[in-house]
Amino acid sequence: MDEDLAGGSTEAAGSTPAAPASADWNTSLAVPASAGPADGSFAGRGSETRERLMGASADAPRPPKKPRPQWQDPADLPAVQKVLAGPFGEKLRAVEAATRTTQAVLASIDVEGLSDAEVVALTQVVERAGRPVDAARVRTAAVVGDRSRPGLGNESLAWRLGAPHQNDLLTRLTGATIAEMKRRMLLGDKTGPRVVGGTVLEPVFPLVAAALTAGELGVDAAAIIVNELADYKVHGRFDADQDRVDEAEAGLVERATGSIYGHTGDGAGASGGGGVDGAGTGPIGRLGDSEGFSYTAEEIRELAARSRALLNPDGAAPNEPVLEAKSSITFGEKRDGLYPLRGGVTPDLKGIMQNLFNTYQSARSAPKFPSAEEQQRIEAGELIPGEMLDERTGGQKRADILRGILTQVAQDPRTPTMGGMPPTVMVHVNAEDLIRGAGLGWIDGVDAPISMRTINQMVDNGGMQPVYLAKNGAVLGLGQKVRRFTPAQRKAITARDGGCVIPGCCAPAQWAEVHHVVPWGRGGKTDVSNGVLLCWFHHHTIETSGWEIRMVNGMPQVKAPPWIDPSRKWRKPERHRASGPSTKSS
């Protein structure tokens with residue numbers, strides 16, 4: 001292990017100032033004899049660096065590259081043990097004692113048995129108790145990250161402790177995720193003191209830093225304020241009046257904490273309007289109570305976005321090229337059976353998407369009363385009264401709407417082809433698994449497998465084509481496509497059904513899939529008289545939803561689940577186009 005853990009001797013402009021180096025860090029770590037001078041000093045390293053920067057002769061022999069030390073628990077390092085035995089160790093033991101006391105008190109509380117008043121009071125107390133610790137987590141992550149930045153090379157704290165990167169070091173020290181460490185470092189970088197030209201300056205967000213340290217501002221609200229205003233601070237992406245940016249920061253901190261923060265000292269006072277009068281010359285601190293309301297972090301997000309918009313006097317237009325460059329849609333790693341869809345869209349694109357979603361969802365949300373003709377059909381047992389039960393959430397409905405739109409685009413003949421073929425989802429499944437109805441399949445380009453129920457649904461709609469393989473895996477040939485409704489058959493079924501045949505479903509015909517009423521595996525034919533249109537959702541759940549479908553004289557009939565229609569009568573689909581003539585003869 002490297003004998004030098006001072007780490008504070010190398011600082012970048014604008015970085016967090018390092019703590020004073022302790023001599024204990026310089027000499028207390030055991031290292032191989034070849035790792036450095038016998039006295040544990042690093043005078044030679046500085047001179048080598050100076051020679052390299054001053055353009056030393058290219059013919060001069062390069063010193064051998066030092067291997068990175070092996071990782072070991074920092075608590076086992078002599079330097080750390082010596083620190084723990086000193087005055088600083090007393091402070092750490094005090095923190096640990098406070099932790100044990102807090103744990104003992106909380107362990108004595110039966111949270112589930114508390115009254116409403118007691119659990120409300122406890123919730124507020126534990127939140128306040130955790131905020132100083134959260135602030136310390138942010139600061140320590142920022143300092144460790146700064147001392148481990150890649151530009152330091154083997155001077156990096158991470159390198160000298162045997163970690164390849166600052167993120168790796170922080171996750172090993174804390175056990176937290178890389179994403180959490182990045183969040184802490186980002187917030188700490190904006191709320192910690194800076195060093196520029198050897199001068200220590202206040203943080204980029206001094207009021208946020210003061211409220212965070214005081215325990216009045218949570219890290220979530222602090223991160224929201226920093227993220228929304230960072231682009232408008234000095235050296236940000238956008239130009240803005242810095243006095244107005246400071247006023248926005250002061251106003252948001254005041255609304256998040258219910259307190260006014262600013263420079264203390266002679267002449268300091270509260271403005272009462274979300275800002276600081278600036279007369280104080282002392283350090284940043286709490287000046288008094290706010291006269292307004294305090295807001296939650298979610299409400300602060302809305303206020304911060306509003307403040308951000310007001311900082312640009314020319315409106316949103318000058319910034320749109322920058323923001324549009326950031327608009328993107330990507331897929332995350334699979335989690336809980338789903339691929340997270342991530343990204344951001346511009347306001348106009350959100351408007352288009354939102355209107356599409358609202359249009360199709362509102363078709364189901366508007367109150368509907370039966371006409372005289374529909375009432376007669378209800379009394380005759382031909383129509384199910386009332387709206388159909390749809391247990392999908394709003395998010396699930398929007399996902400199915402998006403699926404339908406994308407499916408329609410994929411099937412449009414004007415859509416560009418790939419290698420001469422339209423965009424087609426290719427699924428691979430073992431023939432024996434398909435026959436048995438058990439097993440998994442894989443989609444080209446997607447790592448995660450899909451279930452046999454999804455495979456059967458896709459085959460039901462798009463058919464399949466067998467691929468014959470030799471024992472060594474070589475392709476012997478392709479079979480004929482089977483179980484696939486032809487375009488002509490689909491047109492005929494669409495003309496008959498007009499859309500999903502499940503009553504109450506408003507999915508258009510362009511989004512629908514063709515379903516074999518009698519399954520192909522049980523002898524059902526791929527024919528117009530055995531196919532009906534179902535939206536993806538009802539197709540996917542047809543075997544578990546309780547709906548039943550049959551064909552009578554080439555016409556579909558449906559039977560609703562007993563909790564929708566206790567009579568369990570077979571009925572013609574409500575959307576049936578050919579249930580009667582559109583005009584009557586005189």
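Residues numbered from 1 in each chain as written. Predicted model: local features only at pLDDT ≥ 70, side-chain atom pairs only at ≥ 80, totals over all residues. Heavy atoms only, no water.

Colleague: Give a detailed account of the packing of helix α10 (residues 219-229) against helix α12 (residues 297-310), specifying residues and quantitative values.
Modeller: Remark: α10 packs on α12, axes separated minimally by 9 Å, with the N-to-C direction vectors making an angle of 10°. One way to sum up the angle between α10 and α12 is to call them roughly parallel. In this structure, α10 crosses over α12, and the sense of that crossing is right-handed. Across the interface between the two elements, Asp-220, Ala-221, Ile-224, Ile-225, Asn-227 and Glu-228 from α10 touch Ala-297, Ile-300, Arg-301, Ala-304, Ala-305 and Arg-308 from α12. (Axes fitted to C-alpha atoms, helices over the stretch in contact; angles between N-to-C directions. Helix = DSSP H or I, 4+ residues; strand = E, 2+ residues; numbered from the N terminus. Parallel < 35°, antiparallel > 145°, perpendicular 65-115°, else oblique. Left-handed = near helix turned anticlockwise from the far one by under 90°. Contact = heavy atoms within 4.5 Å.)

Colleague: Hey, could you go over the pairing of strand β14 (residues 548-552) for me, with residue numbers and the actual values?
Modeller: Here β14 pairs with strand β15 (residues 555-559) via five bridges, running antiparallel. When the sheet's bridge partners are listed, Ile-549 is paired in β15 with Val-558. The antiparallel hairpin formed by β14 and β15 contains two residues in its connecting segment, where Asn-553 sits at a positive phi of about 55°. (Pairing = 2+ DSSP bridges.)

Colleague: Account for the environment of Ile-450, with residues named and values stated.
Modeller: Note on placement: Ile-450 falls in strand β9 (residues 449-451). Placed ten residues apart in sequence, Ile-450 and Leu-440 show a C-alpha to C-alpha distance of 5.8 Å.

Colleague: Just give me the short version of the pattern of salt bridges, but keep the residues and values in it.
Modeller: According to the stated counting rule, one finds 14 salt bridges in the structure shown. Notably, a salt bridge pairs Arg-184 with Glu-180, separated by 2.9 Å at the nearest N-O pair. Pair noted here: Arg-184 and Glu-180 are both in helix α8 (residues 178-191), with a separation of four residues, about one helical turn. On the accessibility criterion, Arg-184 (12% relative accessible area) is buried. (Salt bridge = Lys/Arg side-chain N within 4 Å of Asp/Glu carboxyl O. Buried < 20%, exposed > 50% of the residue type's maximum accessible area, 1.4 Å probe, protein only.)

Colleague: So, the environment of Lys-572: which residues are in play, and what are the values?
Modeller: Its place among the elements puts Lys-572 in the segment after β15. Taking the C-alpha atoms as reference points, Lys-572 and Ile-549, 23 residues apart in sequence, are found 9.9 Å from one another.

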